[in-house]
Amino acid sequence: MQRRRFLQRAAGTATVAATLPLSGCLEGIAGIGTGGNGEPDYDVGMTATTFRPQEVTIAVGESVTWRNTSARTHTVTAYEGAIPEDADFFATGGYEDEATARDEWWSARGGALENAEEFTHTFEVPGRYDYVCIPHEQGGMIGAVIVEE
Ligand SMILES: [Cu+2]
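Reference entry: report on the structure contained in this document.

Rules used throughout
- Residues numbered from 1 in each chain as written.
- Predicted model: local features only at pLDDT ≥ 70, side-chain atom pairs only at ≥ 80, totals over all residues.
- Helix = DSSP H or I, 4+ residues; strand = E, 2+ residues; numbered from the N terminus.
- Buried ≥ 20, exposed ≤ 12 C-beta atoms within 10 Å, placed from the backbone.
- Pairing = 2+ DSSP bridges.

**Observations concerning the environment of Gly 61**
Then, number 1: By the secondary structure assignment, Gly 61 is in the loop between strand S3 (55-59) and strand S4 (63-67).
Then, number 2: Gly 61 sits in the exposed class, given 11 other C-beta atoms within 10 Å.

Here is the structure:
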């Protein structure tokens, strides 16, 4: 009887010891998809219903890269009435205006940005640009790019 109890305790100890530190493995995974310096090589990621971060600030002439880091399909579509007057409209799918982007999404899922896909736009005019994910607009999936002189 004494010996059996001892073995049970020893087994319990072994289970605890099997919980190895995972930090080394996690660092290796985090290294995927980065520029090699540990920083992500995109500016705005996405969850199921949000852009992250929701707002980014850049300088004129710089680009923003969005990456769909979620499993759901999204769009990045500028609010035509909420970008600087002289600025170019931008949208996944390359549409020339917001109405077309919306029509294409609802008719054929046009402009879809699938998991792991990226979209980049260069901002040449200073100001604030509000944009939306068309399928998740009702859920508040909107973001902003602030372009400073
Ligand atoms: Cu979305």
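**Looking at the pairing of strand S7 (residues 127-132)**
Then, number 1: Both strand S5 (residues 77-78) and S7 contribute to a ladder of 2 bridges, which runs antiparallel. Its bridge partner lying in S7, Thr 77 is registered against Val 132.
Then, number 2: Pairing analysis gives 6 bridges linking S7 to strand S8 (residues 142-148), with the strands arranged antiparallel. Bridge assignment links Val 132 to a residue of S8, and that residue is Ile 142.

**Description of the pairing of S8**
Then, number 1: Because side chains alternate across S8, one face comprises the buried residues Gly 143, Val 145 and Val 147, and the other comprises Ile 142, Ala 144, Ile 146 and Glu 148, none of which is buried.
Then, number 2: Of the pairings in the sheet, the one linking S3 to S8 comprises 5 bridges and is parallel in character. Its bridge partner being in S8, Thr 57 is matched across the sheet by Ile 146.

**As for the sheet that holds S8**
Then, number 1: With respect to topology, 4 strands assemble into an open sheet ordered S3-S8-S7-S5, the strand pairing being mixed. Strands with a single pairing partner mark the edges of an open sheet, and in this sheet they are S3 and S5.

Just geometry here; none of it tells us what the structure is for.
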